[in-house]
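In case you want the letters, here they are:
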Amino acid sequence: MSKQFDVIVIGAGPGGYIAAIRAAQLGKNVACIDAWSTAAGTPAPGGTCTNVGCIPSKALLQSSEHFEHAKLHFGEHGISTGEVAIDVPKMIARKDAIVKQNNDGILYLFKKNKVTFFHGLASFVKAVEGGYEIKVAGKSEETLVGNQIVVATGSNARALPGVPFDEEKVLSNDGALRIGAAPKKLGLIGAGVIGLEMGSVWRRLGTEVTVLEGMDKFLPAVDEQIAKEAKKAFDKQGLKIELGVKISNVDTSGAGVKVEYTNAKGEAQTLEVDKLIVSIGRTANTNGLNAEAVGLKVDERGMIVVDDECKTNLPGVWAVGDVVRGPMLAHKAEEEAVAVAERIAGQHGHVNFATLPSVIYTSPEVAWVGRNEQQLKEQGVKYKAGTFPFLANGRARALGDTTGMVKFLADAETDEILGVHMVGPMVSELISEAVVAMEFKASSEDIARICHAHPSLSESTKEAALAVDKRTLNF
């Protein structure tokens, strides 16, 4: 006997669980299905973000940053610690505990909002009267029927051709978060968000880290001036980053991993490391979904095809998050999820891709929203730019971290903010002001005229806005 629901959400990552909760808040009878399990086999909702992505990586970044501060910077504050040591298994255990808190928190939210949760792998069976039949393969098999289906199955790490992840020597983001002891030498392929964050964690713990990147520009999606400032900081820290490389072979037959490649000059090189993290992007996860059973359209990259409202080619079937077009960001998935739930309820959900912020949680942090300077030049947009360095910010001096700057880009005629780009301390928090400003079509003058608390890092945002009109007050 099948169980009937108004809405069935497949996947309980940031897109899935938020879609389920919002649909339930709007009065729908909702089921959410997720296959992710803990080592003990219990449910672990939250998807990649909670289990092997955003949350655990930030936990390790925080632990490793504390260690580096204690080792290198506490003395500047007059704090004597003696010899500082790191207990890596304890650090990993703390990370695991934080992940579990988030898993349990989502299960609590399902209960609070009366979302029925099913633990297992969901797949389409067929279209039926009243919607679609969905099979749940778990400890016990279930058959559900939903009038509206939301697919939020996320993404998987992309492996190098011919070099599968074994999560022992060749690691995806999953294995990278479970390393039990600081390796002597660590290699990373891909200088994107995951590569830089994981490289930072282990560099701080004493590992010699080399990052190999195929692109000839560092962080090409980031404003060039900001990317150069970030690269300068990472180089100073000892994170070795090689650009423009071509991997020719990866050999895992020995005790470690041997990577053969040519550098930007075309010279043959060999890198020998204990472990290799591969972070060259992610692919949409439709494994086991049985999309073909109902004719759900998937493109050549394996992504579910959707329109601007996240509707698929099938009536009553929607898809959100990493499994569809657009940036693979947890907060993008959440915004799409809310919009879809509201559309299902007859409301007018909205997602503005132009104001989605991006953050890299290294030290210094990198954050941006809107268009960068190279994009504006390519598009022939006339603009004004203003920058302000954290070196001239009183709070940054007190923190002991004056690396980086804030940069504003505004329309040359209207002064509307077109993009804001930052590198420095806590810019992951500062970027929100820029997102709000751009969402409300603010001008740089609007930010320049708003009072900011003193002393605060946010004063750098105000000063960068003032710099657009060449009237900074503290630099």
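Residues numbered from 1 in each chain as written. Predicted model: local features only at pLDDT ≥ 70, side-chain atom pairs only at ≥ 80, totals over all residues. Heavy atoms only, no water.

### What to know about the overall build of the protein
No. 1: Summing up its helical and strand segments, the protein has 13 helices and 21 strands in all.
No. 2: For the protein, the C-alpha radius of gyration of 24 Å lies close to 23 Å, the compact-globule estimate for 475 residues.
No. 3: In terms of its C-alpha atoms, the protein occupies a principal-axis envelope of roughly 70 × 60 × 45 Å.
No. 4: Every one of the 475 residues in the protein was classed for burial, and the buried ones make up 51%.
No. 5: Side-chain charges of the protein comprise 51 positive and 58 negative groups, with the mean position of each set lying 1 Å from the other. (Helix = DSSP H or I, 4+ residues; strand = E, 2+ residues; numbered from the N terminus. Rg over C-alpha atoms; globule rule 2.2 N^0.38 Å. Buried < 20%, exposed > 50% of the residue type's maximum accessible area, 1.4 Å probe, protein only. Lys, Arg positive; Asp, Glu negative; His and termini not counted. Charge placed at Lys NZ, Arg CZ, Asp CG, Glu CD.)

### Thoughts on the UniProt feature "domain: FAD/NAD(P)-binding" (unreviewed entry) in the protein
No. 1: This chain's UniProt record puts "domain: FAD/NAD(P)-binding" (unreviewed entry) on residues 5-337.
No. 2: In residues 5-337, helix accounts for 30% and strand for 26%; the two terminal C-alpha atoms are 18 Å from one another. (UniProt positions renumbered as here; feature names shortened; annotations may be inferred.)

### Some points on the sheet that holds strand 19 (residues 383-389)
No. 1: Read across the sheet, 5 strands follow the order 17-18-21-20-19 without closing on themselves; strand pairing throughout is antiparallel. In this open sheet, the two edge strands, each paired with only one partner strand, are strand 17 (358-360) and strand 19. When strand polarity is set aside, the average angle formed by the axes of neighbouring strands in this sheet is 10°.
No. 2: Here strand 17 runs beside strand 18 (residues 365-370); their pairing, made up of 3 bridges, is antiparallel. For V359, the partnering residue across the bridge sits in strand 18 and is A367. (Pairing = 2+ DSSP bridges. Axes fitted to C-alpha atoms, helices over the stretch in contact; angles between N-to-C directions.)

### Let's talk about the UniProt feature "domain: Pyridine nucleotide-disulphide oxidoreductase dimerisation" (unreviewed entry) in the protein
No. 1: Under the UniProt annotation, "domain: Pyridine nucleotide-disulphide oxidoreductase dimerisation" (unreviewed entry) lies at residues 357-465.
No. 2: Measuring from the first to the last C-alpha atom of residues 357-465 gives 18 Å, for a span that is 35% helix and 28% strand.

### Some words on the domain arrangement of the protein
No. 1: If you check the domain split of the protein, you get domain 1 (3-154 + 285-345), domain 2 (158-280) and domain 3 (357-469).
No. 2: Each of domain 1 and domain 2 has a C-alpha centre, and these two points are 27 Å apart.
No. 3: In this complex, domain 1 contributes 18 residues to the contact, which on the side of domain 2 involves 16 residues.
No. 4: Between domain 1 and domain 2 lies a buried interface of about 1300 Å² when both sides are counted; carbon and sulfur atoms form 64% of it.
No. 5: There are 3 salt bridges connecting domain 1 and domain 2.
No. 6: The shortest N-O distance in the salt bridge between R204 and E68 comes to 4.0 Å.
No. 7: At the junction of domain 1 with domain 2, the criterion picks out 6 residue pairs in polar contact (both at pLDDT 80 or more).
No. 8: Only helix 2 (47-52), helix 3 (54-73) and helix 4 (88-112) provide two or more residues apiece to the side of domain 1 that touches domain 2.
No. 9: The greatest single-element share of the side of domain 1 that touches domain 2, amounting to 9 residues, is contributed by helix 3.
No. 10: Its residues assigned to classes, the side of domain 1 that touches domain 2 shows 10 nonpolar, 4 polar and 4 charged. (Domains from an automatic or database assignment. Contact = heavy atoms within 4.5 Å. Buried area = accessible area lost by both parts, 1.4 Å probe. Salt bridge = Lys/Arg side-chain N within 4 Å of Asp/Glu carboxyl O. Polar contact = N/O pair within 3.5 Å; in protein donor to acceptor, adjacent residues only side chain to side chain. Nonpolar A, V, L, I, M, F, W, Y, C, P; charged D, E, K, R; others polar.)

### Thoughts on the nonpolar core
No. 1: The biggest cluster of nonpolar side chains holds 36 residues, and the ones touching the most others in it are W202, F218, I241 and V366.
No. 2: Elements represented by at least two residues in this core include exactly helix 3, helix 4, strand 8 (185-189), helix 6 (193-204), strand 9 (208-212), helix 7 (224-237) and strand 18.
No. 3: What F218 contacts, discounting residues up to four positions off in sequence, is A191, L196, A227, A230, K231, F234, I241 and L243.
No. 4: In terms of nonpolar packing, the next biggest core, distinct from the first, is built from 28 residues, A367, A396, L430 and A434 among them. (Core = buried A, V, L, I, M, F, W, Y, C linked by side-chain atoms within 4.5 Å.)

### Digging into the packing of helix 3 against helix 6
No. 1: The interhelical angle for the contact between helix 3 and helix 6, taken along N-to-C directions, is 35°, at an axis separation of 9 Å. Considering how the two elements wind past one another, helix 3 and helix 6 form a crossing that is left-handed. Facing helix 3, whose interface residues are S57, K58, L60, L61, S64, E65, F67 and E68, helix 6 presents E197, M198, S200, V201, R203 and R204.
No. 2: For the contact of helix 3 with helix 6, the residue count by class is 5 nonpolar, 3 polar and 6 charged. (Left-handed = near helix turned anticlockwise from the far one by under 90°.)

### Brief notes about the sheet that holds strand 11 (residues 246-251)
No. 1: The 3 strands are arranged 11-12-13 in an open sheet whose pairing can be described as antiparallel. Two strands in the sheet have a free side with no partner beyond their single neighbour: strand 11 and strand 13 (268-273). Put simply, the sheet's adjacent strands are angled 20° from each other on average, direction ignored.
No. 2: Bridge analysis of strand 11 against strand 12 (residues 257-262) gives 5 bridges, and the strand direction is antiparallel. Across the sheet, K246 pairs through a bridge with T262, a residue of strand 12.

### Things to note about the pairing of strand 5 (residues 142-151)
No. 1: Burial within strand 5 is extensive, with 7 of its 10 residues counted as buried.
No. 2: Alignment of strand 1 (residues 3-10) against strand 5, held across 7 bridges, turns out to be parallel. Residue pairing across strands places V9 opposite V150, the latter belonging to strand 5.
No. 3: Where strand 4 (residues 131-138) meets strand 5, 5 bridges bridge the pair, whose relative direction is antiparallel. Bridged to V136 within strand 5 is E142.
No. 4: The loop that links strand 4 with its antiparallel partner strand 5 comprises 3 residues.
No. 5: For strand 5 and strand 16 (residues 317-319), the ladder comprises 3 bridges, and the chain directions are parallel.

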